[in-house]
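So the chains spell out like this:
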Amino acid sequence: MENMVNVYFFGKKYSVPGALTIMAAMEYAGYTLKRGCGCRHGFCGACATMYRIKGQNELKTCLACSTKVEEGMYIASIPFFPTDKRTYEINELEAKQQVMMELYPEIYSCIGCNACTKACTQSLNVMQYIAYAQRGDFAKCAEESFDCVGCGCCSVRCPAGISHPMVGLLARRLNGKYIANEAQHLTKRVEEINAGEFDEMIEAYMNKPVAEMQDLYNNRDIEK
């Protein structure tokens, strides 16, 4: 017999295999997922979920596609809500502290509660990268927020109403355009692609089986 655990989806009890992720367990229980399921493999941030284990007070956040069910888990998906993304033209901005003060002034209302960091599904030091943004240190903010998937769990928990993912995104854009050194090898490669030098290679990859492509991706050389 497969190990079964008791979980609660939106307050209703289900018995599901303990080896399943929350997302797979919901489908096992009969739910048809049309929203909040995204890529299903762990990095689009669409399946932001909150849960609490029976008998424990701590409210936890996670991505449903990459978190396994546990006995006594009470689960609720977070419905989509828009984070407060300000409109700007990146070519008209300067990488100065004033940019954040004008576009995201609420970051200066941070009370240092660290709820954003505790809620992050990627275990990022969210409060720290907001502190970098406050000081106008966009390079450090960009580095600290680099793995953000924009799931919004940090914003859900923030008493100051900060849209942390949007602040990090702006910092990364400013860093990429105005601060970071140009990746000359990347510029050269883009020129080569546009010139058609890799057309045959791309066509060959497109005709490979999915399993072979996954193996090539998982075992690729990653530039340091």
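Everything below is about the structure shown above.
Analysis parameters
- Residues numbered from 1 in each chain as written.
- Predicted model: local features only at pLDDT ≥ 70, side-chain atom pairs only at ≥ 80, totals over all residues.
- Heavy atoms only, no water.
- Helix = DSSP H or I, 4+ residues; strand = E, 2+ residues; numbered from the N terminus.
- 1 Å grid on protein atoms, 1.4 Å probe; cavity = no way out; pocket = protein on both sides within 12 Å on 5 of 7 lines; lining within 4 Å.
- Points joined across faces, edges and corners; volume = space filled by probe spheres on them.
- Nonpolar A, V, L, I, M, F, W, Y, C, P; charged D, E, K, R; others polar.
- Buried < 20%, exposed > 50% of the residue type's maximum accessible area, 1.4 Å probe, protein only.
- Contact = heavy atoms within 4.5 Å.
- Polar contact = N/O pair within 3.5 Å; in protein donor to acceptor, adjacent residues only side chain to side chain.
- Core = buried A, V, L, I, M, F, W, Y, C linked by side-chain atoms within 4.5 Å.
- Phe/Tyr/Trp six-rings, centres within 6.5 Å; stacked < 30°, edge-to-face > 60°.

Visitor: Requested: an account of the environment of Thr83, with residues and values cited.
Guide: Along the polypeptide, Thr83 turns up in the loop between strand 5 (73-77) and helix 2 (97-103). Along the chain, Thr83 and Cys151 lie 68 residues apart, while their C-alpha atoms are 9.7 Å from each other.

Visitor: Go over empty space enclosed by the protein, please, and point to the residues and values.
Guide: Scanning all chains against the criterion turns up 2 cavities of 30 Å³ or more. In this structure, the largest cavity occupies an estimated 100 Å³ of space. If you go around the largest cavity, you meet 14 residues; those closest to its centre are Cys120, Val126, Cys148, Cys151 and Cys154. At the level of secondary structure, the elements contributing two or more residues to the lining of the largest cavity comprise helix 4 (126-135) and helix 6 (153-157). For the lining of the largest cavity, a count of residues per class yields 10 nonpolar, 4 polar and no charged.

Visitor: Go over the environment of Tyr104, please, and point to the residues and values.
Guide: With respect to the helices and strands, Tyr104 occurs in the loop between helix 2 and helix 3 (115-119). Residue classification places Tyr104 among the buried residues on the basis of a relative accessible area of 0%. As for Tyr104 and Glu94, which are separated by 10 residues in sequence, their C-alpha atoms are 15 Å apart. Leave out the neighbours within four places in its chain, and Tyr104 touches Asp84, Lys85, Arg86, Val99, Met166, Val167 and Leu170. A polar side-chain atom of Tyr104 sits 3.1 Å from the main-chain amide nitrogen of Arg86.

Visitor: How would you sum up the nonpolar core? Please name residues and give values.
Guide: If you look at the biggest cluster of nonpolar residues, it comprises 28 residues, and the most contacted ones within it are Val7, Phe9 and Ile22. For this core, the secondary structure elements donating two or more residues are strand 1 (4-9), strand 2 (12-17), helix 1 (22-28), strand 3 (48-53), strand 4 (60-63) and strand 5. Sequence-distant contacts of Ile22, that is, excluding residues within four places in its chain, are made with Phe9, Cys62, Ala64, Thr67, Val69, Met73 and Ile75. Membership of the second largest hydrophobic core comes to 25 residues, among which are Ile107, Cys116, Cys120 and Leu124.

Visitor: Before we move on, can you summarise the packing of aromatic side chains with the specific residues and values?
Guide: Applying the stated criterion across every chain, the model contains 5 aromatic pairs. Ring centres of Phe9 and Tyr31 lie 5.8 Å apart, and the angle between their planes is 80 degrees; on these two criteria the pair is classed as edge-to-face. In this pair, Phe9 sits in strand 1 while Tyr31 sits in the loop between helix 1 and strand 3, placing the two residues 22 residues apart along the sequence. Given a relative accessible area of 1%, Phe9 falls into the buried group. Looking at Tyr31, the relative accessible area reads 25%, which means it is partly exposed. An angle of 50 degrees between the planes, with centres 6.1 Å apart, marks the rings of Phe10 and Tyr31 as tilted. With Phe10 in the loop between strand 1 and strand 2 and Tyr31 in the loop between helix 1 and strand 3, this residue pair connects regions lying 21 residues apart in the sequence. One aromatic cluster is present, formed by Phe9, Phe10, Tyr14 and Tyr31 through successive ring pairs.

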